[in-house]
Amino acid sequence: LTNGGYGGVQFALAHGVPVLASDRGSLPELVADGGQLLPIPERHTPATPAKLTADELAPWVAAVLRLYDEPAAYARAKQQAAAAGRRFAADALAP
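Report follows, based on the coordinates. (Residues numbered from 1 in each chain as written. Predicted model: local features only at pLDDT ≥ 70, side-chain atom pairs only at ≥ 80, totals over all residues. Heavy atoms only, no water.)

Before going further, it helps to examine the overall build of the protein. From N to C terminus, the protein includes five helices and two strands. Going residue by residue from the N terminus, the α and β elements of the protein occur as α-β-α-β-α-α-α. The dimensions of the protein, computed from C-alpha atoms along their principal axes, are 45 × 35 × 15 Å. When each of the 95 residues of the protein is scored for burial, the buried share is 24%. With 8 positive and 9 negative side-chain charges, the protein shows a separation of 4 Å between the mean positions of the two kinds. (Helix = DSSP H or I, 4+ residues; strand = E, 2+ residues; numbered from the N terminus. Buried < 20%, exposed > 50% of the residue type's maximum accessible area, 1.4 Å probe, protein only. Lys, Arg positive; Asp, Glu negative; His and termini not counted. Charge placed at Lys NZ, Arg CZ, Asp CG, Glu CD.)

Here it is in structure tokens:
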């Protein structure tokens with residue numbers, strides 16, 4: 001788990017680790033098809049952090065449990081993450 005920094009997302013994808021990320025900022029573009037984008041309530045900002053309600057947290061818990069409980073879902077997500085991560089490989093980034 002990480003609270004920021006693109007390096008963590010890039011590293012995870014490059015190693016085929018499915019990413020669960022918020023649907024904010026540049027994360028949707030960075031994660032692309034390599035993970036699942038989940039909502040964070042608009043009221044929650046760095047300036048005004050607030051605890052999430054059970055209903056707000058539910059999609060995150062469901063996403064984690066699905067990857068944990070369903071081997072086929074995890075295998076698909078892992079393949080998608082690896083495919084998305086190939087764009088961060090040295091030969092893909094080199095001019």
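We now examine the environment of G7. Mapped onto the elements of the fold, G7 is located in helix α1 (residues 6-14). A relative accessible area of 45% means that G7 is categorised as partly exposed. When the C-alpha positions of G7 and A63 are compared, they lie 22 Å apart, and in sequence the two are 56 residues distant.

The subject of this paragraph is a nonpolar patch on the surface. On the surface, L57, V61 and L65 cluster together to form a nonpolar patch covering roughly 230 Å² of accessible area. By the element assignment, L57 lies in helix α3 (residues 54-69). Judged by its relative accessible area of 37%, L57 is partly exposed. (Patch = residues over 30% accessible without salt bridge, like charges linked within 9 Å, V, L, I, M, F, W, Y side chains within 5 Å. Areas by Shrake-Rupley, 256 points an atom, 1.4 Å probe, with all protein chains shown as cover. Salt bridge = Lys/Arg side-chain N within 4 Å of Asp/Glu carboxyl O.)

Moving on to α3. Spacing of three or four residues puts side chains on the same side of an α-helix, whose turn is 3.6 residues. When the local axis directions of α3 are compared, the greatest deviation, roughly 25°, occurs at W60. Looking only at α3, the buried set comprises W60, A63 and L67. Of the surrounding secondary structure, the elements contacted by the buried residues of α3 are β1 (19-22), β2 (35-38) and α4 (71-85). (Bend = angle between axes of the 7 residues up to and from the residue. Contact = heavy atoms within 4.5 Å.)

Geometry only, nothing functional implied.
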